[in-house]
Amino acid sequence: MAYRQARSKMLFAEAVKHIPGGVDSPVRAFGAVGGACPFIVRGKGSRIWDEDGNEYIDTVCSWGPLIHGHAPSEVVAAIKKAAELGTSFGASTRAEVELAKLIKKAFRSIDLIRFVNSGTEATMSALRLARGYTGRDKIVKFIGCYHGHADGLLVKAGSGALTLGVPSSPGVPAAYARQTLLAQYNDLDSVKRIFKKHKGEIAAVIVEPVAGNMGVIPPADGFLEGLRKLTKRYGAILIFDEIITGFRVALGGAQELYKIKPDLTCLGKIIGGGLPVGAYGGRKDIMEKISPLGGVYQAGTLSGNPLAMAAGLATLKMLFRKGIYKELNEKSTALEKGIREAAQSAGQSLRINRVGSMQTWFFTDKEVSDYKSATASDTKKFAKFFNAMLRRGVYLPPSQFEAIFVSTAHTKKDIDFIVSAEKEAFDEIKN
Ligand code: PLP
């Protein structure tokens, strides 16, 4: 069936009259790749369908949460059951306790955990807590890492900010931005220099233990260990932002994979099974500083929402089943292998970075290990490739600097389809 866009285009024209840029999150607008963004009507398993009836294999998976694909029956049933009982109480429910216990089973570094409504809230709150605990103001973040859109974290940020070329946002007070010190990902010396210069001033180092927001970049050997040692030496809190990697690269996230124990962990995405959620947790002595136990204030009308808790519980229970991560890894490896071979035979320079079921295909011939090497990619070529894939029924993230996610719903047939679409797409963009 020919690729159609008339209805999505019409809806977008309508949307821009009412919503800034027609979207509720910037990269959805396809600004980096051009073309019209499809308006989605439904998803099931590995597939999504748009307003024009086009069918796609989805590799975005709602930017990570949908590790079991779209509308898995167990998750849908859990949401329905919870909804029948009431959508929100602003009071405690059993599901919060159950989800907290399940997360702690996977994340041994977490003694206490607090649920919030988004990843942005989780990192923002974890940093406030680190500042409250240490009595220090400055934080260290890495150029190209994205931790949500809170003030102070939108300094040289990745993801949409990087894609759209606005890594530091207007509207962030300069005085506040000065509290954010910038280091290079995978470069421990850059962190050492900052600690030496700002002795006794740094509350926390926040890091994506596997970077996902400048494309996937694994931590270099010794990088995370080095951060652990440095933060201990200088009395700063080590915060792992595992909003993407938690329950993604392993059941216990990157901290299980690389065997590093952070002081605080931020979670989101998968733990809400596709509903809005975030969480932060960690060492008891730190977490006890949060209100109502301590003076660091953080609250939320819908925090621990029963629908989100139910969806998260159903999603995580499926992940605790034996063999899930092996299966995800095998599928993702097969995709990587297929794409690599197709690129080689097309004479296309492509660097693939992969950790478990997250990967990025960088349009460059050099190794990608940090912000500088990631941004050396040919984004114009990526844009052409993206649109060639879209027309063939493969929905990739509309940015060179994002992760492709493999879900348990993706089949071998899906992987083969993506690889053969890629071969054709390479052929098309050659000219
Ligand atoms: N941290 C990381 C690593 C993320 O990838 C994201 C979002 O993509 C966030 C934080 C912010 O989460 P949210 O979009 O739920 O606010």
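Refer to the preceding data block for the structure.
These figures come from a predicted structure and were not determined experimentally.

### A closer look at the sheet that holds strand β9 (residues 264-268)
Taken together, the 7 strands give an open sheet; going across it, the order is β4-β10-β9-β8-β7-β5-β6, and neighbouring strands pair in mixed fashion. Because the sheet does not close on itself, it has two edges, and the strands there are β4 (112-116) and β6 (180-183). This sheet shows a mean twist of 20 degrees between the axes of neighbouring strands, independent of strand direction. For β9 and strand β10 (residues 278-282), the ladder comprises 5 bridges, and the chain directions are antiparallel. When the bridges of β10 are listed, G268 appears paired with G278. Contacts from helix α3 (residues 94-106) reach β4 and β9, with the element oriented near 125 degrees to β4. Contacting β5 (138-142), β6 and β7 (202-207), helix α7 (residues 188-197) crosses the sheet at an angle of about 145 degrees to β6.

### Some details on the sheet that holds strand β13 (residues 394-395)
The 4 strands are arranged β1-β2-β3-β13 in an open sheet whose pairing can be described as mixed. What marks the edges here is a single partner per strand, and that holds for β1 (40-44) and β13. In this structure, strand β3 (residues 55-58) lies alongside β13, joined through 2 bridges in parallel fashion. Residue pairing in the sheet places D58 in a bridge with Y395 of β13.

### Section: the site of the ligand
The ligand sits among S118, G119, T120, Y146, H147, G148, E208, N213, D241, I243, I244 and K269. The side chain of N213 places a nitrogen or oxygen atom 3.0 Å from an oxygen atom of the ligand. In this structure, D241 approaches the ligand through a side-chain N or O atom, which is 2.6 Å from a nitrogen atom. Expressed as a share of its isolated accessible area of 390 Å², the protein-covered part of the ligand is 82%. For the shell around the ligand, the per-class residue count stands at 3 nonpolar, 6 polar and 3 charged.

### Remarks on the layout of surface pockets
Space inside the second largest pocket adds up to approximately 650 Å³. Forming the walls of the second largest pocket are 29 residues, and the residues nearest its centre are S92, E96, I113, R114 and F115. Among the secondary structure elements, those contributing two or more residues to the lining of the second largest pocket are α3 and β4. Broken down by class, the residue content of the lining of the second largest pocket amounts to 14 nonpolar, 11 polar and 4 charged.

### Re the pairing of strand β11 (residues 351-355)
By the bridge criterion, 5 bridges tie β11 to strand β12 (residues 358-362) in an arrangement that is antiparallel. Following the sheet pairing, V355 is matched in β12 by M358. Between the antiparallel neighbours β11 and β12 lie 2 residues, among them G356 with a positive phi of about 55 degrees.

Scoring rules and cut-offs
- Residues numbered from 1 in each chain as written.
- Predicted model: local features only at pLDDT ≥ 70, side-chain atom pairs only at ≥ 80, totals over all residues.
- Heavy atoms only, no water.
- Pairing = 2+ DSSP bridges.
- Helix = DSSP H or I, 4+ residues; strand = E, 2+ residues; numbered from the N terminus.
- Axes fitted to C-alpha atoms, helices over the stretch in contact; angles between N-to-C directions.
- Contact = heavy atoms within 4.5 Å.
- Near = heavy atom within 4 Å.
- Polar contact = N/O pair within 3.5 Å; in protein donor to acceptor, adjacent residues only side chain to side chain.
- Areas by Shrake-Rupley, 256 points an atom, 1.4 Å probe, with all protein chains shown as cover.
- Nonpolar A, V, L, I, M, F, W, Y, C, P; charged D, E, K, R; others polar.
- 1 Å grid on protein atoms, 1.4 Å probe; cavity = no way out; pocket = protein on both sides within 12 Å on 5 of 7 lines; lining within 4 Å.
- Points joined across faces, edges and corners; volume = space filled by probe spheres on them.

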